[in-house]
Structure formats: structure tokens, C-alpha cells
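Residue-level structure breakdown
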Amino acid sequence: MRMRMIKFSKLLDELLITPSTNQKVVLLTNYFKEVEQSDRGWALSILSGQVNRRGLTSNDLRGLIEEKVPKRLFEYSYDYVGDLAETISLLWPKNDPKKLVIKLTDLMKALVNKSKKKEELLSFLNNTLDRLTTTERFSILKILTGGMRVGVSNGLLKKSLSKIGCRNLDDIDENWYAFTPPYFDLFSWLNGGSLPTGIKKEELFHSFMLANNFNEKNFSELSENNYVAEYKWDGIRAQIIYSDKTKIYSRSGDDITESFPELGLKSKKTMILDGELIIKKNNKILSFNHLQKRIGRKVLTKKILQEYPIHLIAYDIIYHDGIDIRRFSFCRRREILEKTIRQIKSDNISISEIIKFTNWGQLKEIRNTQMNNHIEGVMIKNKNSLYLKGRSPKGWYKWKRNPYTSDFILIYAQRGHGKRSSFYSDFTFGCWLDNNKSKLVPVGKAYSGFTNEELKKLDRWVRNNTIERFGPVRSLKPGLVVEIAFENINTSSRHKSGLALRFPRFSRIRWDKPIDEVCVLDEVKKLINQS
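Below or above, wherever it landed, is the structure these notes cover.

When helices and strands are counted, the protein chain shows 18 helices and 23 strands. Scaling as 2.2 N^0.38, a compact globule of 531 residues should have a C-alpha radius of gyration of about 24 Å, and the protein chain matches this with 26 Å. Here the C-alpha coordinates of the protein chain stretch approximately 75 × 70 × 50 Å along the principal axes. Residue burial in the protein chain is summarised as follows: out of 531 residues, 50% are buried. Pairs at least 24 residues apart make up 70% of the contacts formed inside the protein chain by residues separated by at least 6 positions. Put simply, the protein chain shows about 26500 Å² of open surface, and 47% of that area lies on carbon and sulfur atoms. Put simply, the protein chain has 91 plus and 61 minus side-chain charges, and the middle of one group is 1 Å from the middle of the other.

Following this line, the structure appears as C-alpha cells:
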């Protein structure tokens, strides 16, 4: 008899309620050992977020459940539960689950079948959900909607895989990007099989070296003579592999080559650069908001390429002339990088500037006074550091500038997801439009920075100060001031306020502060550094 999907559903439930990372590894390891190869391949695809979900929208799924229960019942339930997949799985009329025995593999083949029309897929989904348990329905719907949120990272997946075959963790990490979903060949390789045909290991994505957070207490532990400093640019990190073709990878290892054709070069022998992607036009670095107009675009028009020209600021090199140089010291790699950039002679690639300083006090002064809107802080790098994956003790440090802070007024609130689905935890904040202080304008959203106790108080305040409801969103009576911290601020034509904040989060809740003391929009705009 074929195994039902209940095993995968049970795994998701156990991962969700298990806080221990070591125990999560045990759960994953046992699952991968117990199920057959095809099912574990699809499970790995789902848990690593690599399932190419079909084009079913949340409205499509709402349509299915609204055929089963009254629309008002669904809306009230969704408002309370806060998660679409969970709401539908709980409301779906119960049937005899023994009627359907299904493997995860069979289900996934049907869900990702591109030949199926949307109507056929919806019909299949409707019939399938009718014949499954609540837990199984929830699993399927989470696969379709995304956002598993079961606390499983690629790192945990790799650890569990290292316990079921003959490959160690370093081998798995080094070859991870040689495999693609549904990962059947990965499990064969784990048991001693070969890498996929045509794979060149040096042309795979290589794990980035990461930086430790720098604290001024480190001054007493580190000698400035052993370190160099560079600016920390406000862009997106990228790894560019040059050989007979160009490959560009994001920080998470996603292939983003097609988004940045200007960086294409050919090299007879493999060369790999590590650097920051920015927008640079007329010799001026533009804001991160401009860079966002290039990220993830499938179609690049001539106008987009001209208005938002991409540029790489290279700060390391890990392969040169086909040789892996990660075991060279930073200073040696830097010498090779400088020579390489001179030889490339590309207008779209430059080298990261070394900051001259003689003591930590001088570097602190530079960090505090010479930053602009395109620089997040400074990087401090050990001259003798090897290029090692992850964070290396006394290797690299990031010393970010202090965040901006400003007081705003809460305008809207929305329920959270997962553990926060019963609380209003996603907030829209704003400021006064002008000195008349009669109209508020939304500026941004924040959903972090507060404690669990503060969340309970915020939730209570939202419920007692609601003006209107718009589905899961509540419009709030102006009355609560919050201090918001954010990394950067730039102009944006996409937002009503004309502003975009980077990484906004709660810094303090100003229960005592009157709303008329919150600044007006023009005062917030003065924080923008146009240099």
C-alpha cells in the first residue's frame, strides 16, 4: 500500500512545535531515512523553498472555500486565525480521509504540472482536499501559498542530510548548488553516486564569507595594524563567476544572471568576484530604491538599462586563473583583485576603496562623520584572514552606523502570521502632512522591535482604538506614538509620502507622548542625505 502524505504533514507539525535546532535535525534525519527517495526529494524541495508553485492566487483559494461555507463565516474566521492556509484547512467540511491514499510525490507532480490549466488544477485541488485530513489539507495549502515558517534553514537541512549517507557536511555544502529540485540525484550522490553530468565544481556558487558585528569593546582586543577598513555599501551582495559564460548569484545562492546583462564577460579560466551591486549613473551612486527597480525583473527594457545602470564594487576574489585562492591571505587576494580589475577595464566594475586610518579613534570619526546615504558603515578586515564560509573569529567585522530614529503615529494594524496570528502585530505608521496637523500620511510599516509583553499591550490598544475594519486590517484612532528606528531613508515615487525607509522597526513605544508633538512630513524628508 502506498504511504499517505500524513508522514510529511506530521513532520511539519513536529517541526513547528519543536524549538530545539538539534531536535529538528533529528526529526528531519528520521524522516529522510524512513520515506522512499522520491518523497524525500520533494520534501527537501518544499522545505528549502525551491518549489516552483503554480499560478494559484489567494483569491483562487478563497473561491474554493467560499463554495463550501458562507463568505461571512470565512471572513470572520480568517480575521481571527490570520493565516489563509490554516483557515481553509479548519473550515473545510470533514469527510472520510480513508477514501484517498496519496504519496507526496504524486501530489507534487500534479501541483507542478504545467500542462494543467488553472481550472483543472482547482478541480483537482478541490477533490483532493475533500478526501484528506485537516492536517494534510493544511500541508498542501502551505505548499501552495508558501511561507512554511517551521524554523528550518538550509543549514539544518544540510546537517540532517550529512547523517543519512556517506557525505560529510563540508562535502554537502561545497556541492549543494550542483543539484536542482526535486533532488533525486542529490540523494543518489549522498549514497556514493556521482555528481550530475557536466557539473564544474569551480563554477558552482560558493558560500560567502560573512562578517561579525563590531563593538567598540573590540578596540582593546584588536590591533589596528592587523586590519584594513572599507566602506560598507548599501546594495546587494553578489558573486560573479566568469568562465566561458557569466553567472551571477545572490547572497542566498539564487541565480540572478539575467537581471544584470551589463556585467557579462568571458574568461578563458575561471574567475570569481565577490562584491556589492549598486546603481551608478554619471559617476554617482544612486539609492537602494533605484536598485530595487532592477532586482527580479524578467524583462529589461532599453529604458530600464539606461536609467538604472548596474555596477559592481568588487571587494574580494576567490578564484583566479582557474585556481581556488580562498586559502590566500586577504592582502594577497587584494593584490590579485587590484591587478584583475585593472585588466578587466570595465566601466561597470570597480574596486572597493581602502579607508586610510592610523588608529581606531580616527576610524570611528570617519564612521560618524563621513557616511552618506549609500554607505551603511565600515567593514574591518583582518589582513591575514583566509576566505572561509560563514563568520570567522577575528576575520571580518561590520561596523554599521547608528540607525536613524524618528517618532511616528500608528495608523493601521493587521494580524500577524504563525505564532502571532492571534495578535495585531503588523503596523503602518505615519506623520503629519503639514503644520496644520490635521491629516496623517503613511510613511512605512514595522512588525518587529517589541517584546511579547509589549505586543500584548499593543494588541489590546488596537482593539480598543479601532475606527474601521478592512478585512484583516484595522484603521486606528490617532493616539499612539512610536519611535521607529531605520537604517536609511530615500525618496520613492512608489509611496504616498514620497519616502522609503530601510529596515524600519520599533525602538520605543511612547505611551506618554502627545500626537501633536510628532513632526511633519517635510521634517522627515530633511533626513535624506543627497550626497
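There is more to say, and it comes next.
Before going further, it helps to spend a moment on the sheet that holds strand β14 (residues 396–400). Pairing within the open sheet is mixed, and its 5 strands lie in the order β2-β14-β12-β3-β11. On the outer flanks of this sheet lie β2 (212–213) and β11 (354–355), each paired with one strand and no other. Bridge count for strand β3 (residues 227–233) against strand β12 (residues 375–382) is 7 bridges, and the pairing is antiparallel. Looking across to β12, one finds that A229 is bridged to I380.

With that settled, consider the pairing of strand β20 (residues 481–486). Along β20, 6 of the 6 residues are buried, which leaves the element largely enclosed by surrounding structure. Here 6 bridges tie strand β15 (residues 404–415) to β20, and the two strands are oriented antiparallel to one another. Bridging from a neighbouring strand, S406 pairs with I484 of β20. Of the strand pairs in this sheet, β20 and strand β23 (residues 505–510) are connected by 5 bridges, and their pairing is antiparallel. Across the sheet, residue I484 finds its bridge partner in β23, namely F506.

Applying the stated rule across the entire model yields 0 disulfides. Considering cysteine sulfurs only, C519 is the nearest to C431, which forms no disulfide, with 5.6 Å between them.

In the segment running from P181 into P182, the intervening peptide bond is cis, with an omega of 5 degrees. Although it is not a glycine, K394 sits at a positive phi angle of roughly 55 degrees. Its place among the elements puts K394 in the loop between β13 (390–391) and β14. In this model, F503 sits at a positive phi of 50 degrees, which is unusual for a non-glycine residue. Structurally, the position occupied by F503 is in the loop between β22 (499–502) and β23. Judged by its relative accessible area of 47%, F503 falls in the partly exposed class.

Another aspect to go through is the environment of E66. Considering the arrangement of structural elements, one finds E66 in helix α4 (residues 58–66). Setting aside chain neighbours within four positions, we find E66 in contact with K71 and F74.

Okay, helix α3 (residues 37–47) next. Within α3, 10 of the 11 residues are buried, which leaves it mostly tucked inside the rest of the structure. Within the sequence span of α3, burial applies to S38, D39, R40, G41, W42, A43, L44, S45, I46 and L47. Contact partners of the buried residues in α3: α1 (6–17), α2 (21–34), α7 (104–111), α9 (134–145), α10 (154–161) and α12 (184–190). Count one or two residues on from α3 and you reach G49, which has phi positive near 70 degrees.

Procedures and definitions
- Residues numbered from 1 in each chain as written.
- Predicted model: local features only at pLDDT ≥ 70, side-chain atom pairs only at ≥ 80, totals over all residues.
- Heavy atoms only, no water.
- Helix = DSSP H or I, 4+ residues; strand = E, 2+ residues; numbered from the N terminus.
- Rg over C-alpha atoms; globule rule 2.2 N^0.38 Å.
- Buried < 20%, exposed > 50% of the residue type's maximum accessible area, 1.4 Å probe, protein only.
- Contact = heavy atoms within 4.5 Å.
- Areas by Shrake-Rupley, 256 points an atom, 1.4 Å probe, with all protein chains shown as cover.
- Lys, Arg positive; Asp, Glu negative; His and termini not counted.
- Charge placed at Lys NZ, Arg CZ, Asp CG, Glu CD.
- Pairing = 2+ DSSP bridges.
- Disulfide = S-S within 2.5 Å.

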